Amino acid sequence: MQRRNFIKSVSTAAALTAIPKIYSAVSPLSKIKPPRLKAGDTLGLIAPGSYISENELKESIGNLEKLGYKVVYNERILSKTGYFAGTDESRAEELNSMFADKKVNGIICARGGYGCVRILPMLNYNLIKNNPKVIIGYSDITALLNGINTETGLITYHGPVGISTFNEFSVTYLMKCLLILKRIWY
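Quick look at the structure, then. (Residues numbered from 1 in each chain as written. Predicted model: local features only at pLDDT ≥ 70, side-chain atom pairs only at ≥ 80, totals over all residues. Heavy atoms only, no water.)

Some thoughts on helix α6 (residues 141-152)
Three- or four-residue spacings in an α-helix give side chains the same orientation, since the helix completes a turn every 3.6 residues.
Consideration 1: The first and last C-alpha atoms of α6 sit 16 Å apart over 12 residues, in line with the 16 Å expected at 1.5 Å per residue.
Consideration 2: Buried residues of α6: I141, L144, L145, G147, I148 and T152, and no others. With its buried residues spanning 165° around the axis, α6 presents them on a single face.
Consideration 3: On its buried face, α6 sits against α3 (88-100), β3 (106-109), α4 (116-119), α5 (125-130), β4 (134-137) and β5 (157-158).
Consideration 4: One or two positions beyond α6, positive phi appears at G153, with a value near 85°. (Helix = DSSP H or I, 4+ residues; strand = E, 2+ residues; numbered from the N terminus. Expected span 1.5 Å × (residues − 1). Buried < 20%, exposed > 50% of the residue type's maximum accessible area, 1.4 Å probe, protein only. Arc of directions from axis to C-beta. Contact = heavy atoms within 4.5 Å.)

Below, the structure is given as structure tokens:
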């Protein structure tokens, strides 16, 4: 056997033996459907990854209010530690506090960027599981969504962030998507 073919064979065999271990490590959780959002509900705006500017915060609030939602956030949202929106601990606490707040109906991330993987071990998954809410975002937020779903079974939503371009096209198709999801999940 040629050296190149041997290395390919060994690499393939190693990868195939790891697959059952990966699947067996994931425990199947029952899915938790968050209460659906309605016009007038309150969205908690968070920055769990990269920081946002004051102008981006204003833009995000405006975008969400135009869709018919009230918006709340805490003072941490404008924090800046290097490329991040504050320390890992403060970003995790910001998310945990939105899940704990009974006045908040859903959570939307202001932006993606980088840093969500770093806060996953600091999230209070029992709190999240016992206070299910719609949580929406994309980019680096995907790691957060997948982590929450894996640890709690909460259905999470890959969708726009606060600073997304909310033009007629994106709003139309976001609303169509949400209507379809409502029929499927609720």
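Picking up where we left off.
Remarks on the pattern of salt bridges
A side chain of one charge can pair with a side chain of the opposite charge if their charged atoms are brought near each other.
Consideration 1: In total, this model carries four salt bridges according to the counting rule given.
Consideration 2: A salt bridge links D88 to R91; the nearest nitrogen and oxygen atoms lie 2.1 Å apart. Of the two residues, D88 and R91 are both situated in helix α3; the distance of three residues between them amounts to about one turn of the helix.
Consideration 3: Of the residues examined, D88 reaches a relative accessible area of 13% and is grouped as buried.
Consideration 4: Judged by relative accessible area, R91 falls into the buried class, the value being 0%.
Consideration 5: Through salt bridges with shared partners, a single network forms among D88, R91 and R118. (Salt bridge = Lys/Arg side-chain N within 4 Å of Asp/Glu carboxyl O.)

Side note on the packing of aromatic side chains
Consideration 1: Under the defined criterion, the tally for this structure stands at two aromatic pairs.
Consideration 2: Ring centres of Y51 and Y83 lie 6.4 Å apart, and the angle between their planes is 75°; on these two criteria the pair is classed as edge-to-face. With a gap of 32 residues between them, Y51 in the loop between β1 (42-46) and α2 (54-66) and Y83 in the loop between β2 (70-72) and α3 connect regions that are remote in the sequence.
Consideration 3: We classify Y83 as partly exposed; its relative accessible area is 47%. (Phe/Tyr/Trp six-rings, centres within 6.5 Å; stacked < 30°, edge-to-face > 60°.)

Digging into the side chain of N74
Consideration 1: For N74, the location among the structural elements is in the loop between β2 and α3.
Consideration 2: Classification of N74 as buried rests on a relative accessible area of 14%.
Consideration 3: Within the local environment of N74, its side chain forms a polar contact with the backbone nitrogen of R76, the two atoms lying 3.0 Å apart.
Consideration 4: In this structure N74 touches E94, S97 and M98, once residues within four positions along its chain are discounted. (Polar contact = N/O pair within 3.5 Å; in protein donor to acceptor, adjacent residues only side chain to side chain.)

Some words on the sheet that holds β5
Consideration 1: Pairing in this open sheet of five strands is parallel, and the strands run β2-β1-β3-β4-β5 from one edge to the other. Of all strands in the sheet, those with a lone pairing partner are β2 and β5, marking the two edges.
Consideration 2: Together, β1, β2, β3 and β4 form the strand contacts of α3, whose direction differs from that of β1 by roughly 170°.
Consideration 3: Contacting β3, β4 and β5, α6 runs over the sheet at an angle of about 150° to β4. (Pairing = 2+ DSSP bridges. Axes fitted to C-alpha atoms, helices over the stretch in contact; angles between N-to-C directions.)

What about the nonpolar core?
Consideration 1: Core analysis: the largest hydrophobic core is formed by 23 residues, its most contacted members being L95, F99, I107, L123, I135, L144 and I148.
Consideration 2: Secondary structure elements with two or more residues in this core: α3, β3, α4, α5 and α6.
Consideration 3: Among the nonpolar cores identified, the runner-up in size contains 18 residues, and L37, I77, I108 and I155 belong to it. (Core = buried A, V, L, I, M, F, W, Y, C linked by side-chain atoms within 4.5 Å.)

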